[in-house]
Amino acid sequence: MEVRLQKILAQWGIASRREAEEMIRNSRVRINGVLAHLGQKVDPEKDAIAIDDKPVSVKHRPALIYLLLHKPAGVVSTCYDPHRKPTVLDLLPKELREGLGIHPVGRLDADSTGALILTNDGELTFGLTHPRHSISKTYRVLVKGHPPEAVLQRWRQGVMLEGRKTRAAQVHLIELYTEQSLLEIVLQEGRNRQIRRIAQQLGYPVIQLHRTAIGQIQLQTLKEPFLSEGKYRFLKDHEIHFLQEQITQPNY
């Protein structure tokens, strides 16, 4: 039975579907010795698949791994950057960085810091990054100026971005400084640079953006030592179960 190549690579835990598409675009994938193309379908029972000239198959699928990384600023949330910028994989030891298909789930822009999940479970990644998915993400955001309650209420109710209104959000003022304000923002969507774009549009540009939690998975808890920048830890069983539940809910 033929299936799209990027779906096969995700099911085998080699990459997320998005990362698999990037591999194909970058001429890293061959089918029966011939460079693969986007949208190509393959029969995993008959066709020989190779990445970087190394054969891959479901038999070689590594054990599933789930990590929480504290991403520093200046690091891109991808497996490969053509401009040679440091990637989140560069923060992992070689035994995790190579040959296991570990990739980021979603993205934090290069200037932002905080919680990022890495895994080689391609189907989980596809589910969690689906547009209909609604896992909450919590941020501490330092903005320029002092947005009044009326502006924060506009943000809570949704703001038009590129002709489409954002979902309702939780926006709370945490602390006021002389020329800046610290906000806590909880989103249930992840449009590109969403917080930064809304803050700019409302007239209170972001100075720093830090993700503290993904659902119930937190960078810092009472039971876990603080995860410093650039460090990672393996997710606990209950955290993995939480993520898996998110993609099996009826509203998914």
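Before reading on, note that the structure itself is shown above.
Here goes a summary of the coordinates provided. (Residues numbered from 1 in each chain as written. Predicted model: local features only at pLDDT ≥ 70, side-chain atom pairs only at ≥ 80, totals over all residues. Heavy atoms only, no water.)

## Overview of helix α7 (residues 237-246)
Point 1. E239, I240, F242, L243 and Q246 are the residues of α7 that are buried. Along the axis of α7, the buried positions cluster into a sector of 155 degrees, meaning they face one direction only.
Point 2. The secondary structure elements touched by the buried residues of α7 are β7 (66-71), β9 (113-119), α4 (122-128), β15 (206-214), β16 (217-218) and β17 (232-234). (Buried < 20%, exposed > 50% of the residue type's maximum accessible area, 1.4 Å probe, protein only. Helix = DSSP H or I, 4+ residues; strand = E, 2+ residues; numbered from the N terminus. Arc of directions from axis to C-beta. Contact = heavy atoms within 4.5 Å.)

## Side note on unusual backbone geometry
Point 1. Even without a glycine there, the phi angle at S27 is positive, about 60 degrees.
Point 2. The topology assignment puts S27 in the loop between α2 (17-25) and β2 (29-31).
Point 3. In this model, N32 sits at a positive phi of 55 degrees, which is unusual for a non-glycine residue.
Point 4. On the secondary structure map, N32 appears in the loop between β2 and β3 (34-35).

## Points about the sheet that holds strand β6 (residues 54-56)
Note on sheets: strands pair through backbone hydrogen bonds, and any given pair is parallel or antiparallel.
Point 1. Strand order in the open sheet formed by four strands is β3-β2-β5-β6, and the pairing between neighbours is antiparallel. One side of each edge strand has no neighbouring strand; the edge strands of this open sheet are β3 and β6.
Point 2. With three bridges connecting them, strand β5 (residues 49-51) and β6 associate as antiparallel partners. Looking across to β6, one finds that I49 is bridged to V56. (Pairing = 2+ DSSP bridges.)

## Quick word on the nonpolar core
Point 1. Counting 21 residues, the largest nonpolar core has V141, W155, I185 and I195 as the members making the most contacts within it.
Point 2. Those elements that provide at least two residues to this core are β10 (137-144), α5 (149-157), β14 (180-187), α6 (194-202) and β15.
Point 3. It is α6 that contributes the most residues to this core, four residues altogether. (Core = buried A, V, L, I, M, F, W, Y, C linked by side-chain atoms within 4.5 Å.)

## Observations concerning the packing of α5 against α6
Point 1. Contact geometry of α5 with α6 gives a least axis separation of 11 Å together with a crossing angle of 140 degrees. Taken together, the axes of α5 and α6 are oblique relative to one another. Crossing of α5 against α6: the hand is right-handed. For the pair α5 and α6, the contacting residues are V151, R154 and W155 in the first and I195, I198, A199 and L202 in the second.
Point 2. By residue class, the composition of the contact of α5 with α6 is six nonpolar, no polar and one charged. (Axes fitted to C-alpha atoms, helices over the stretch in contact; angles between N-to-C directions. Parallel < 35°, antiparallel > 145°, perpendicular 65-115°, else oblique. Left-handed = near helix turned anticlockwise from the far one by under 90°. Nonpolar A, V, L, I, M, F, W, Y, C, P; charged D, E, K, R; others polar.)

## Quick look at the pairing of β7
For a regular strand, side chains alternate in direction, first toward one face of the sheet and then toward the other.
Point 1. Of all six residues in β7, six are buried, a share of seventy percent or more.
Point 2. Burial of β7 is two-sided: the residues Y66, L68 and H70 facing one way and the residues L67, L69 and K71 facing the other way are all buried.
Point 3. When β7 meets β9, the two strands line up antiparallel, connected through six bridges. Residue Y66 lies in a different strand from β9, and its bridge partner there is T119.
Point 4. The sheet contact formed by β7 and β17 spans three bridges and is antiparallel. When the bridges of β17 are listed, L68 appears paired with R233.

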